[in-house]
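Spelled out from the first residue to the last, the chains are:
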Amino acid sequence: MALTLLSRRAVARSLQATCIRSFSTPVNDTFSASAPPPPPEAGNALQDAVSAQGVRNNWTRDEIRELYNTPLMELAFQAGTLHRRFHRTNAIQMCTLMNIKTGGCSEDCSYCAQSSRYDTGLKATKMSSVDSVLAAAKIAKANGSTRFCMGAAWRDMRGRKTSLKNVKSMIEGIREMDMEVCVTLGMIDQTQADDLASAGLTAYNHNLDTSREHYPSVISTRTYDERLQTLSHVRQAGINVCSGGILGLGEKPEDHVGLIHTVSTLPSHPESFPVNALVPIKGTPLGDKLPEGKRPIPFDAILRTIATARLTMPATIIRIAAGRTTMSEAEQILCFSAGANAVFTGEKMLTTEAVGWDEDKIMFEKYGLVPMKSFERGELRENKRQLEASSWAAMKEGAASQEVTL
Amino acid sequence: MNEDVLQHALRATAPRHNWTRNEIREIYNTPLMELAFQAGTLHRRFHTPGAVQLCTLMNIKTGGCSEDCSYCAQSSRYSTGLKATKMSSVDSVLEAAAIAKKNGSTRFCMGAAWRDMRGRKSGLKNIKSMIEGVRALDMECCVTLGMIDATQAEELAGAGLTAYNHNLDTSREHYPSVISTRTYDERLQTLSHVRDAGINVCSGGILGLGEKPEDHVGLLHTVSTLPSHPESFPVNALVPIKGTPLGDKLPAGKRPIPFDAILRTIATARIVMPATIIRIAAGRTTMSEAEQILCFSAGANAVFTGEKMLTTECNGWDEDKAMFDRYGLSPMAPFERGQYGKQGTYRAQSFSAVKEQAARESTQQAQQTASA
C-alpha cells in the first residue's frame, strides 16, 4: 500500500516536472496551476511534427518544405522542444573517424580529395593495419569517444576479400572495447552486408550527399539509386544506417528539402544523419569553383537543415560532421539547441581537420553538455523522463519499499 | 534542490518579488544550454516569440561629467580623447528621432552625461520639449540624465516620458570598486522617484567590470526584488576605453567578459523577471550573429540599433535588418509589453506591417484622446 502511494506521488511530481512544455505541444496540464496555453498559429506541418509521439515515414515534400521555411528562430526552438521528447537533453554523442585507406578512389565525387581523378596533393595509402586501427580506437575511447568510424576510399567492395577480412578484425576488436563501430567502404552487396553484421558492425555509413535532383551535378560514376540500394542491403542485414548529406555543393534550399524527404521516407529512418558543411579542397571541381575565402554554405542554412531533420526524424541522431572546425562555438550551440546531438571529435576527419578532444571538452563544460553513452538511442522518452525527474531519495525509498514487500 | 527552484520558476504566471539570493544563484548555476532553453520557453509565455524591440540611443550632452564611474569615457577625470559638448538642440534631436523611426526603431533614448539634474532648469525645459516631440512621433521615449528627485521625475512624467534609465551597473558588493562618487542607495533612490512618478524604470548592468559570477547574481537579486520589476533590464558588455581605469586595466585584445557569462545572465534575468524586456545594449558590436541569436533564444528581446551608442559603436539598421530577415525576427510594436498569456502566437511581421499598425494605433489613440 505504502509503495503504491509513494509511486503515485513520485509519478505526480515527475509529471508536474515534465509538464513545462512549450505552447506548441497541446498538453492537458491538469497538475499545473496555470491554464493550458493556446496553440500557436503555425502551419499544420509544424504543429503535427512537434506533437509527434513516434516516427513518420510518410512525409510529403510539401510538408517538409513548409517546415524548412518556418521562420528560423521559431523552427530551431520547436526542433529543440521536440528533441527533448526523444533524446536525453544535453547529451552529445562523441564519435571519432579514421581514414583506413586514403585516396586512389575511382569515383568522381566532385567534393572529394580522395578521387584519383583530382590533383589535390593528397597521398594515396594502402590500408592501415588492424593493430594501428585498434590503437587509434583505444586512444579515442580514452578521450571519451563512444563510437569509432572507419572510412576507406573505395567505389565498392568487389573482390576485396582480404580487406574485408581485415575490416572484420577491426570491427571485432573495437566491439571488444565496448564501443560502437561504423564503417564507410563504398557500395556493398547483401552478402558483404551480412558478413559485416556477423562481425558485430553497429552502423554502416553511406551518404546520399544531396537531393536526387542535384546529385547528378556532383557525382556521375555512381547513381542515387545505387546508393539507396546499398542502404537497403544495410537495413536488410540488421545494421544501423548512417546516411546524410553535404551542404554547400552548389545546391539550392529545395535540395535540402529533397534530401530530407528522401531519408525521412525510407522504410526506416537512418539511425544517424550526418550533416557535413563542404570544406572546399583545391584541386577538386567544387573546391576550385568556389570564390576564395567564401563560406560555401551560410550558417543559417545549416541550422535550418538540422532543425528540419530533427522535426522529421525525431529519433534519429543528427551529427555535425565535416566542417565543424569552421563553425564558432555559438554556432555549434545553436545547432545543439535545435536538435543536433552528435559530433566527430579527435585528430582528423577523412580528409579535413577535426575539432580536438580538449577543445570539445571545454565547450561541453561551458554549456553543460555531456557525452552520450555507448549504444544510447533516441526514442519517445515519456516513461524515461518520469524516472529521471524523481529525486534520488524517492527512488531509493521506492526501491527500499519494494525490497520490504518482497 | 536545483531542479525544484528552476521548475517552480518556470511555472510563473506573474512576476515575483520575493526571490532569495540562493534561489537566483541556483538558477544561474543551471547547466547553461538547459538554462537557456528553459528561459526561452518561459519567454514565450510572457512575450511575443521572435519580437525584438528596436531602440535608438542619442547622446544629447557628451562628456564633462563630474562622476568617476571607472568604465565611462564621459567622466571629466579621464583622458580618453572624448570631446565634451553642449546639449544638442531640440531640432537636431527630433531630426534624429525621425530618422530612427523611419528605420524601424520604436523607442528613442536620450542620454546626457550629468551627475544629477540640480539647477539644470533650462536643460530640463529643453529635454521636456524633446520628449514631447518624440512622443508626437508615436515613439516610446526614454532619457538617462543621472540622479533625479521626485519633483523632476514628476515633471518628466508630465511631459510624456515613457521610461527613465538609471543602471545599477553591478551588485551592491562590487559597486564601490567601480564608482565612488555616487552610492548604490542613491541610485536606488532615483529608481524610487521614477516609480513614484509612474514612469517605467529601465535599469540594468554592465558585465566585465572585474566582477565575479556572484555579482551577477547580486545585481539580479536587487532588481528582481524591487517593489516592481524594471520595465526593461539592459545588459551591457563592457567596451574597454583607453584612458578609463577599467579600460587601462584590461589586457589589450582580451574580451572583458566571456560570452557564456552574458548568456547566463540574460537567461537568469528572463527567468526571474518574466515580464521585463531584456535589452542587449552596449557591446553588441562585439557579438557574432550566432551569439546574438543565442541571446534572443534565451529571452533577450530588445536591442539598440542605429548610428551610435552613448560613447561606443552601435550595430546599424541595415545589419540588423539582415539578421532579422535571416532568423525571422520581427520588430516589436511600440508600447508592446510583456505579460502572462499574451503571446502563444508567433507572428512574423514585416517592417511595413508594423509601421502600418503603429500608424493605425496612433490614429486611434489620437481619436480617443480627442473624445476623452
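Residues numbered from 1 in each chain as written. Chains lettered and ligands numbered in written order. Predicted model: local features only at pLDDT ≥ 70, side-chain atom pairs only at ≥ 80, totals over all residues. Heavy atoms only, no water.

1. Here we look at the overall build of chain B
When its secondary structure is counted, chain B shows 13 helices and ten strands. Against the globule reference of 21 Å for 372 residues, chain B gives a C-alpha radius of gyration of 19 Å, in line with a compact fold. Viewed in the frame of its principal axes, chain B has a C-alpha envelope of about 55 × 50 × 40 Å. Per-residue burial over chain B gives 61% buried out of 372 residues. Taking the contacts inside chain B whose residues are at least 6 apart along the sequence as the reference set, 75% of them involve residues at least 24 apart. Split by element, the accessible area of chain B, about 14100 Å² in all, is 52% carbon and sulfur. (Helix = DSSP H or I, 4+ residues; strand = E, 2+ residues; numbered from the N terminus. Rg over C-alpha atoms; globule rule 2.2 N^0.38 Å. Buried < 20%, exposed > 50% of the residue type's maximum accessible area, 1.4 Å probe, protein only. Contact = heavy atoms within 4.5 Å. Areas by Shrake-Rupley, 256 points an atom, 1.4 Å probe, with all protein chains shown as cover.)

2. Focus: the side chain of T284(A)
Residues and elements named next belong to chain A. Assignment of secondary structure puts T284 in the loop between β7 (272-277) and α10 (285-289). A polar side-chain atom of T284 sits 3.0 Å from the main-chain amide nitrogen of G287. Those residues in contact with T284 that lie beyond four places of it in its chain are S110, Y111, C112, A113, Y118 and T120. (Polar contact = N/O pair within 3.5 Å; in protein donor to acceptor, adjacent residues only side chain to side chain.)

3. Things to note about unusual backbone geometry
All names here are of chain B. Even without glycine at this site, D169 takes up a positive phi of about 80°. Note on placement: D169 falls in the loop between β4 (163-165) and α7 (184-196). Even without being glycine, F335 reaches a positive phi, approximately 65°. Judged by its relative accessible area of 26%, F335 is partly exposed.

4. Topic: the packing of aromatic side chains
Within the structure shown, the criterion is met by three aromatic pairs over all chains. With a centroid separation of 5.7 Å and 10° between ring planes, the pair formed by F77(A) and F37(B) is classed as stacked. With F77(A) in helix α4 (residues 72-86) and F37(B) in helix α3 (residues 32-46), the pair connects residues from two separate chains. Neither F77(A) nor F37(B) differs from the other in exposure class; each is buried. With centroids separated by 5.2 Å and ring planes inclined at 70°, the aromatic side chains of Y175(B) and Y184(B) adopt a geometry described as edge-to-face. (Phe/Tyr/Trp six-rings, centres within 6.5 Å; stacked < 30°, edge-to-face > 60°.)

5. Some details on the pattern of salt bridges
Within the structure shown, the criterion is met by 44 salt bridges over all chains. One salt bridge in this structure joins R16(B) and E23(B), with 2.9 Å as the shortest N-O distance. Look at the salt bridges and you will find they share partners, linking R61(A), D62(A), R65(A), E213(A) and E254(A) into a network. (Salt bridge = Lys/Arg side-chain N within 4 Å of Asp/Glu carboxyl O.)

6. Observations regarding the pairing of strand β1 (residues 51-61) of chain B
Residues and elements named next belong to chain B. Extensive coverage of β1 is indicated by the burial of eleven of its eleven residues. The pairing of β1 with strand β10 (residues 330-331) spans two bridges and is parallel. Note on β10: the bridge partner recorded for V52 is P331. Where β1 lies against strand β9 (residues 302-304), three bridges are found, and the strand directions are parallel. When the sheet's bridge partners are listed, C55 is paired in β9 with F304. The pairing of β1 with strand β2 (residues 107-112) spans six bridges and is parallel. Within β2, the residue paired with C55 across the bridge is R107. For the handedness criterion, the β-α-β arrangement of β1, helix α4 (residues 90-102) and β2 is classed as right-handed. (Pairing = 2+ DSSP bridges. Right-handed = clockwise from strand over helix to strand, strands pointing away.)

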